[in-house]
Amino acid sequence: MSASSPLSSDHQASLIDGKGFAASLRAQIRDDVRTFHDQYGVTPGLAVILVGNDPASEVYVRNKAIQTHHAGMRSFMHMLPETTSETELLALIERLNNDPEIHGILVQLPLPKGLDARRVTNAIRPEKDVDGLGETNAGRLAIGLPGLVPCTPLGCLLLLKDQLGDMHGQHAVVIGASNLVGKPLALLLLAEGCTVSIAHIHTRDTAALARQADILVVATGVRELVRGDWIKPGATVIDVGITRVTLENGKTRLVGDVVFNEAVKVAGRITPVPGGVGPMTIACLLKNTLTAARLLVTGKPE
Ligand code: NAD
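Every chain is numbered on its own, with residues counted from 1 as its sequence reads. Only residues with pLDDT of 70 or above have their local features reported here, since the model is predicted, and side-chain atom pairs are shown and tallied only from 80 upward, although totals for entire chains, interfaces and linings are computed over all residues. For the side-chain quantities, the full set of heavy atoms in the structure was used; hydrogens and water were omitted.

### Remarks on the overall build of the protein chain
Next up, step 1: Counting secondary structure elements, the protein chain contains 10 helices and 11 strands.
Next up, step 2: The globule rule used here is 2.2 Å times the number of residues to the 0.38 power, and the radius of gyration it is set against is calculated over C-alpha atoms. Taken over the C-alpha trace, the protein chain has a radius of gyration of 20 Å; the compact-globule value for 302 residues is 19 Å, and the two agree within 12%.
Next up, step 3: Its C-alpha atoms give the protein chain principal-axis dimensions of roughly 60 × 45 × 35 Å.
Next up, step 4: Burial classes: relative accessible area under 20% of the type maximum marks a residue as buried, over 50% as exposed, and values in between as partly exposed (1.4 Å probe, protein chains only). Counting across all 302 residues of the protein chain, residues that qualify as buried make up 47%.
Next up, step 5: What makes two residues a contact is simply this: any of their non-hydrogen atoms within 4.5 Å. The contacts of the protein chain with a sequence gap of at least 6 include a subset with a gap of at least 24, amounting to 69%.
Next up, step 6: Surface exposure here means Shrake-Rupley accessible area, sampled with a 1.4 Å probe, where a residue is shielded only by the protein chains that are shown. For the protein chain, the accessible surface area stands at approximately 14500 Å², while carbon and sulfur atoms represent 52% of it. Numbering of helices and strands runs from the N terminus; a helix is a DSSP stretch of H or I covering at least four residues, while a strand is a stretch of E covering at least two.

See the structure below:
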């Protein structure tokens with residue numbers, strides 16, 4: 001269906017199955033890790049550092065370790081106390097930077113107060129910066145050079161390429177301009193030949209801008225910000241937002257940045273929450289760890 005064709009009253013967008021796509025990507029990575037090991041005798045290793053005991057971060061970090069093992073890579077967890085000084089943390093990163101068994105280093109954010117996330121992230125050697133958040137990789141992305149790209153935007157891009165193929169000339173609107181998601185994704189879409197608009201908290205009429213989008217990506221953390229009438233009929237919608245809400249019965253559920261029940265009647269394709277972008281993030285971390293290992297061992301990313 002073209003993005004401008006009228007929709008029937010019983011229209012339902014097709015769901016973009018991030019969970020299934022991430023599972024096949026992880027299976028592909030597992031095969032590639034085996035081949036890489038056969039070729040070079042090296043098993044990629046990922047070090048994850050968690051400072052403090054934020055319960056949500058502990059869950060994320062454990063999931064990353066489990067998935068790393070499943071992909072046939074080595075996982076090294078460093079759980080540091082809340083009282084860790086920046087000097088101690090930087091010393092650990094330096095040790096990991098020089099450890100030949102470690103190909104990827106990730107510091108789980110947010111860090112406790114008193115630790116400077118920018119200084120800490122930048123201390124990771126660019127070739128091992130699998131979160132792609134250091135200045136070298138961010139700069140390489142900005143000027144169109146290959147490098148390690150932040151995992152969530154990379155996951156969004158892979159889903160979009162799988163769904164749409166060639167995106168040249170499409171108008172992509174990215175709502176949210178963080179260094180973690182919105183900005184790198186806008187640059188990735190620009191590199192794909194999209195015309196890119198970025199909306200943020202100060203944008204005057206975000207809804208009007210969103211209505212022009214062939215591809216609409218929403219990454220604000222504002223629960224159900226985007227209504228059905230913000231979406232151009234037939235557009236592809238990627239909902240990055242995740243907010244955990246507590247229901248009346250005390251149970252919790254995850255909600256995205258898009259009013260799903262409205263959007264599904266207008267969009268051509270849409271990611272659900274959960275099961276859309278979320279599973280792609282860890283899969284892309286594994287992908288980046290293998291890319292980093294290749295870079296370090298062979299000097300080439302592919
Ligand atoms: P952030 O808070 O760093 O940035 C939010 C951005 O949204 C900012 O640029 C801000 O200007 C913009 N914004 C806020 N309110 C807005 C509004 N009303 N209209 C337009 N723009 C607005 O958040 P982030 O780290 O980029 O994360 C965004 C969301 O994505 C969060 O819900 C987060 O949980 C989720 N997230 C999901 C994954 C995943 O794996 N699926 C990964 C990272 C982040």
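### What about the packing of helix α1 (residues 18–40) against helix α6 (residues 151–164)?
Next up, step 1: Interaxial distance between α1 and α6 falls to 11 Å at its minimum, and their mutual angle equals 100 degrees. One finds that α1 runs roughly perpendicular with respect to α6. Residues Gly18, Phe21 and Leu25 of α1 lie in contact with α6, whose contacting residues are Leu158, Leu159 and Asp162. Each axis is a line fitted through C-alpha atoms, taken for helices only over the stretch in contact, and angles between the N-to-C directions span 0 to 180 degrees. Oblique is the label for any angle not under 35 degrees, not over 145, and not in the 65 to 115 range, which are roughly parallel, roughly antiparallel and roughly perpendicular in turn.

### Side note on the UniProt feature "domain: Tetrahydrofolate dehydrogenase/cyclohydrolase NAD(P)-binding" (unreviewed entry) in the protein chain
Next up, step 1: Using the residue numbers shown here, the UniProt feature "domain: Tetrahydrofolate dehydrogenase/cyclohydrolase NAD(P)-binding" (unreviewed entry) corresponds to residues 150–294.
Next up, step 2: Note that residues 150–294 is 34% helix and 19% strand, and that its end C-alpha atoms are spaced 17 Å apart. UniProt positions are given in the numbering used here, feature names are shortened, and annotations may be inferred rather than shown by experiment.

### Here's the deal with the side chain of Lys128
Next up, step 1: Tracing the backbone through its elements, the reader meets Lys128 in the loop between α4 (117–123) and α5 (135–142).
Next up, step 2: Here Lys128 occupies a buried position and makes no salt bridge, while the nearest side chain of opposite charge, Asp99, is found at 6.1 Å.
Next up, step 3: Counting of polar contacts relies on pairs of N or O atoms within 3.5 Å, with two restrictions inside protein: one atom must be capable of donating a hydrogen and the other of accepting it, and residues adjacent in sequence are counted only when both atoms are side-chain atoms. Side-chain polar atoms of Lys128 contact the backbone oxygen of Asn97, separated by 2.9 Å.
Next up, step 4: Within the structure, the side chain of Lys128 is placed 3.0 Å from the backbone oxygen of Asp99, a separation counted as a polar contact. His residues and chain termini do not enter the charge count, which takes Lys and Arg as positive and Asp and Glu as negative. The salt bridge definition used is simple: a Lys or Arg side-chain nitrogen within 4 Å of an Asp or Glu carboxyl oxygen.

### Some details on the site of the ligand
Next up, step 1: One heavy atom suffices: a residue is near a molecule or strand as soon as one of its heavy atoms comes within 4 Å of it. By nearness alone, 20 residues border the ligand, and Ala177, Ser178, Ile201, Ile242 and Thr281 come closest of all.
Next up, step 2: For the ligand, an oxygen atom lies 2.5 Å from a polar atom in the side chain of Ser178.
Next up, step 3: If the ligand stood free it would expose 860 Å²; the protein chains cover 72% of that surface.
Next up, step 4: Under the grouping applied here, Gly and all other residues not named as nonpolar or charged are polar, the nonpolar ones being Ala, Val, Leu, Ile, Met, Phe, Trp, Tyr, Cys and Pro and the charged ones Asp, Glu, Lys and Arg. When grouped by side-chain class, the residues that make up the shell around the ligand number 11 nonpolar, nine polar and no charged.

### Observations concerning the sheet that holds strand β6 (residues 195–199)
Each strand in a sheet pairs with another by means of backbone hydrogen bonds, the pair being arranged parallel or else antiparallel.
Next up, step 1: Strands sit in the order β1-β11-β8-β7-β5-β6 across an open sheet of six strands; the sheet is parallel. Single-partner strands in this sheet number two, and they are β1 (14–15) and β6.
Next up, step 2: Only when DSSP finds a minimum of two bridges between them are two strands counted as paired. Alignment of β1 against strand β11 (residues 269–270), held across two bridges, turns out to be parallel. Considered in β11, the bridge of Ser14 is made with Arg269.
Next up, step 3: Its contacts with the sheet put α6 on β7 (215–218), β8 (236–239) and β11, and the angle it makes with β8 is roughly 160 degrees.

### Details of the sheet that holds strand β2 (residues 45–51)
Next up, step 1: Pairing is parallel across the open sheet formed by three strands, whose spatial order is β3-β2-β4. Strands at the two margins of the open sheet, each flanked by one partner only, are β3 (74–80) and β4 (104–107). Pairwise comparison of adjacent strand axes, ignoring direction, gives a mean angle of 15 degrees for this sheet.
Next up, step 2: Bridge count between β2 and β3: seven bridges; the pairing is parallel. If you follow Val51 over to β3, its bridge partner there is Leu80.

### Observations concerning the packing of aromatic side chains
Centre distance and the angle of the planes are the two values used to describe a pair of aromatic rings.
Next up, step 1: Centre distance within 6.5 Å is the pairing criterion for rings of Phe, Tyr and Trp, where only the six-membered ring of Trp is used; planes under 30 degrees apart are then read as stacked, over 60 as edge-to-face, and the remainder as tilted. In total, this model carries one aromatic pair according to the counting rule given.
Next up, step 2: A centroid spacing of 5.2 Å and a plane angle of 50 degrees characterise the contact between Phe36 and Tyr40, whose relative ring orientation is tilted. Of this pair, Phe36 and Tyr40 are both found in helix α1, four residues apart, which corresponds to roughly one turn of the helix.

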